[in-house]
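Here are the chains, one letter per residue:
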Amino acid sequence: MVQKKIPNSIDVHVGGRIRFRRTMLGLSQEKLGDSLGITFQQVQKYEKGTNRVGASRLQNIASILGVPISFFFEETTVAGADAPNEITDISLFISSSEGLALNRAFMSIPDPAVRQSIVKLAKSVAKNEGLKGASE
């Protein structure tokens with residue numbers, strides 16, 4: 001019986017950040033692949049974390065997507081036992097349609113005070129939902 005290889009959580013996170021930025025720019029996997037000289041299937045594998053992105057390839061991707069390499073590692077926690085799950089959760093959210101839609105809407109709000117109010121609201125709702133779930 002062949003055991004399926006589980007992607008490394010950092011690779012999944014980096015892939016999610018690639019997908020997030022690519023979709024924010026309205027760039028298809030095919031167009032990104034063409035710019036890199038690879039197939040869209042290879043881009044899919046990078047985005048899922050199935051294939052690890054090498055350093056020079058990541059530099060090329062960062063250049064095409066107009067971000068520094070550090071962008072792909074933002075919001076990762078490398079220390080601690082819970083790091084892989086946290087990284088994977090963030091990556092999955094960022095690459096989901098809901099996460100992308102929420103981010104686009106949130107970033108289109110020009111007033112930082114309004115954005116901060118939305119963050120406070122979301123934290124409050126999450127806290128209330130957690131309390132509700134604990135009492136059920």
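Up top you'll find the structure we're talking about.
Owing to the predicted nature of the structure, the values given are computational and were not obtained by experimental measurement.

**Side note on helix α4 (residues 55-65)**
Then, in step 1: Buried residues of α4: L58, I61, A62 and L65, and no others. With its buried residues spanning 100 degrees around the axis, α4 presents them on a single face. Turned more than 90 degrees off the buried face of α4, the exposed positions are S56 and S63.
Then, in step 2: Where α4 is buried, its residues contact α1 (9-24), α2 (29-36) and α3 (40-48).

**A short note on the layout of surface pockets**
Then, in step 1: One number sums up the size of the second largest pocket: a volume of about 160 Å³.
Then, in step 2: Along its surface, the second largest pocket is lined by K4, K5, I6, P7, N8, D11, G49, T50, N51 and R52.
Then, in step 3: Classifying every residue of the lining of the second largest pocket by side-chain character gives 2 nonpolar, 4 polar and 4 charged.

**Describing the packing of aromatic side chains**
Then, in step 1: The tally for this structure, following the rule as stated, stands at 2 aromatic pairs.
Then, in step 2: Ring centres of F20 and F71 lie 6.3 Å apart, and the angle between their planes is 15 degrees; this geometry places the pair in the stacked category. Residue F20 is found in helix α1, and its partner F71 is found in the loop between α4 and α5 (83-95); the two are separated by 51 residues along the sequence.
Then, in step 3: You can call F20 buried: its relative accessible area is 10%.

**Things to note about the packing of α1 against α4**
Then, in step 1: The geometry of α1 relative to α4 is characterised by a closest axis approach of 10 Å and an angle of 25 degrees between their N-to-C directions. As judged from the angle between their axes, α1 and α4 are roughly parallel. Like other packed secondary-structure pairs, α1 and α4 cross with a definite hand, here left-handed. Side by side, α1 and α4 meet where V14, I18, R21 and R22 of the first sit next to L58, I61 and L65 of the second.

Parameters and conventions
Residues numbered from 1 in each chain as written. Predicted model: local features only at pLDDT ≥ 70, side-chain atom pairs only at ≥ 80, totals over all residues. Heavy atoms only, no water. Buried < 20%, exposed > 50% of the residue type's maximum accessible area, 1.4 Å probe, protein only. Helix = DSSP H or I, 4+ residues; strand = E, 2+ residues; numbered from the N terminus. Arc of directions from axis to C-beta. Contact = heavy atoms within 4.5 Å. 1 Å grid on protein atoms, 1.4 Å probe; cavity = no way out; pocket = protein on both sides within 12 Å on 5 of 7 lines; lining within 4 Å. Points joined across faces, edges and corners; volume = space filled by probe spheres on them. Nonpolar A, V, L, I, M, F, W, Y, C, P; charged D, E, K, R; others polar. Phe/Tyr/Trp six-rings, centres within 6.5 Å; stacked < 30°, edge-to-face > 60°. Axes fitted to C-alpha atoms, helices over the stretch in contact; angles between N-to-C directions. Parallel < 35°, antiparallel > 145°, perpendicular 65-115°, else oblique. Left-handed = near helix turned anticlockwise from the far one by under 90°.

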